[in-house]
Amino acid sequence: MNIEILSKPSYSFAKILLNGGESIKAESGSMMSMSSGITIQTHKAQQGGFLKSLKAAFLGGESFWMNTFTAASGKGEVLLAPTLPGDVDKIDLSGTVYVQSSSFLASSPSIEMDTKFQGLKGFISGESLFFLKLSGTGPLLISSYGGIDILEVNGEMIVDTGHIVAFDEGLNYEMTKFGGWKSFFLGGEGFVARFKGKGRVWIQSRNVPSLGSWFRDQLPPIKR
């Protein structure tokens, strides 16, 4: 399997070249195009049955269904694109990372998906209550709203929750408010994640909740 990220960094998409018998598992609705020799199988989002897929869909914000593209005979090509305008990055996974639900694009079929509760503060901050837990070995494609950068944490780092794309399993974190109560309500930051330990945090340069707030501010008042 060969993966190439094209049109970086603003409107990225992934070009996946599959050898005969190789497969890629992708978010439902992400396919741009595929060659005629590719077969597609639609299945539940998570291995382990109906309830795990239901948990990923309704708690983790992930689609209930996923598609697996396979080069049935000979080589084949699949183009995949995320919903939001932004970047795509490839992680050569060997272990576990946690991914914000809207940032999962595709992975090797051998990588398993589960969900991790991030606490009620995640709900208050406007983010999903759950991260997706991706475990295994193989390529993992993540996407962002805006550009992707990697923070190398060695000690402690504070990140706005709306800018988190993914982070390594070895990092401990807690959700906390930004500064004092005045900063929390008036500073525009809300809740942040305080990471401790050693590992990587993938961040995005734009913030989806802030975009939503901007759109709400532009709407005309409702006339009664």
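Preceding this section is the structure that the text describes.
The following paragraphs examine the structure supplied in this document.

Thresholds, definitions, all that
- Residues numbered from 1 in each chain as written.
- Predicted model: local features only at pLDDT ≥ 70, side-chain atom pairs only at ≥ 80, totals over all residues.
- Heavy atoms only, no water.
- Helix = DSSP H or I, 4+ residues; strand = E, 2+ residues; numbered from the N terminus.
- Buried < 20%, exposed > 50% of the residue type's maximum accessible area, 1.4 Å probe, protein only.
- Pairing = 2+ DSSP bridges.
- Axes fitted to C-alpha atoms, helices over the stretch in contact; angles between N-to-C directions.
- Salt bridge = Lys/Arg side-chain N within 4 Å of Asp/Glu carboxyl O.
- Core = buried A, V, L, I, M, F, W, Y, C linked by side-chain atoms within 4.5 Å.
- Contact = heavy atoms within 4.5 Å.
- Polar contact = N/O pair within 3.5 Å; in protein donor to acceptor, adjacent residues only side chain to side chain.
- Patch = residues over 30% accessible without salt bridge, like charges linked within 9 Å, V, L, I, M, F, W, Y side chains within 5 Å.
- Areas by Shrake-Rupley, 256 points an atom, 1.4 Å probe, with all protein chains shown as cover.

Right, let's talk about the overall build of the protein chain for a bit. From N to C terminus, the protein chain includes 4 helices and 15 strands. Residues classed as buried in the protein chain amount to 45% of the 224 residues present.

Bringing the sheet that holds strand β4 (residues 31–34) into the picture now. The strands making up a sheet are joined through hydrogen bonds of the backbone, oriented either antiparallel or parallel. Pairing within the open sheet is antiparallel, and its 4 strands lie in the order β1-β2-β7-β4. Two strands in the sheet have a free side with no partner beyond their single neighbour: β1 (2–6) and β4. Adjacent strand axes in the sheet meet at a mean angle of 20 degrees, parallel and antiparallel pairs treated alike. Where β1 and strand β2 (residues 13–18) come together, 5 bridges link them in antiparallel fashion. Residue pairing in the sheet places Ile5 in a bridge with Ala14 of β2.

Time to look at the pattern of salt bridges. Side-chain pairing between opposite charges can occur once the charged atoms of the two side chains come close. Counted under the stated rule, the structure contains 5 salt bridges. Residue Lys8 is joined to Asp87 by a salt bridge in which the shortest nitrogen-to-oxygen separation is 2.8 Å. Of this pair, Lys8 sits in the loop between β1 and β2 while Asp87 is found in the loop between β7 (76–80) and β8 (88–100), placing the two residues 79 residues apart along the sequence. On the basis of relative accessibility, which here comes to 45%, the residue Lys8 falls in the partly exposed class. Across the pair Arg194 and Glu156 runs a salt bridge whose closest N-O atoms are separated by 2.7 Å. In this pair, Arg194 sits in strand β15 (residues 191–204) while Glu156 sits in strand β12 (residues 148–160), placing the two residues 38 residues apart along the sequence. Of the residues examined, Arg194 reaches a relative accessible area of 24% and is grouped as partly exposed.

Side-chain direction in a regular strand flips from residue to residue, so the side chains alternate between the two faces of the sheet. With respect to burial, strand β6 (residues 65–71) is a largely interior element, 6 of its 7 residues being buried. Pairing of strand β3 (residues 23–27) with β6 involves 5 bridges; the strand directions are antiparallel. Looking at the pairing, Ile24 lines up with Phe69 of β6.

Quick look at the nonpolar core now. Of all hydrophobic cores here, the largest spans 16 residues; its most connected members are Val97, Val99, Phe104, Leu134, Leu140, Ile142 and Trp202. Elements with a minimum of two residues in this core: β8, β11 (130–143) and β13 (164–168). Apart from the residues within four sequence positions on either side, Leu140 is in contact with Asp89, Lys90, Ile91, Leu93, Val97, Val99, Phe104, Ala106, Ser107, Ile111 and Leu134. Judged by nonpolar contacts, the second largest core, of 15 residues, contains Ala14, Ile16, Leu18 and Val88.

Let us now look at the environment of Val88. Take Val88: it is sitting in strand β8. Overall, Val88 belongs to the buried group, its relative accessible area being 0%. Between the alpha carbons of Val88 and Tyr11 there is a distance of 8.4 Å; along the sequence they are 77 residues apart. If we skip the residues at most four places from it in the chain, Val88 touches Ile5, Lys8, Ser12, Phe13, Pro82, Leu105, Leu141, Ile142, Ser143 and Ile148.

When you line up the elements, Ser12 lands in the loop between β1 and β2. In this structure the side chain of Ser12 is engaged in a polar contact, spanning 2.8 Å, whose partner is the side chain of Asp87. The contact partners of Ser12, leaving out residues within four places of it in the chain, are Ile5, Leu6, Ser7, Pro82, Gly86, Asp87 and Val88.

On the secondary structure map, Leu171 appears in the loop between β13 and β14 (172–177). When the C-alpha atoms of Leu171 and Phe195 are compared, they prove to be 6.3 Å apart, with 24 residues separating the residues in sequence. Other than its neighbours up to four places away in sequence, Leu171 contacts Val153, Phe195, Lys196, Gly197, Lys198, Gly199, Arg200 and Val201.

A word on a nonpolar patch on the surface. Among the surface-exposed residues, Met31, Met34 and Ile40 lie close enough to one another that they form a single nonpolar patch of about 240 Å² accessible area. Judged by its relative accessible area of 34%, Met34 is partly exposed.

Let us look at unusual backbone geometry. For the bond running from Lys8 to Pro9, omega is 0 degrees, close enough to zero to count as cis. Position of Pro9 relative to the elements: it lies in the loop between β1 and β2.

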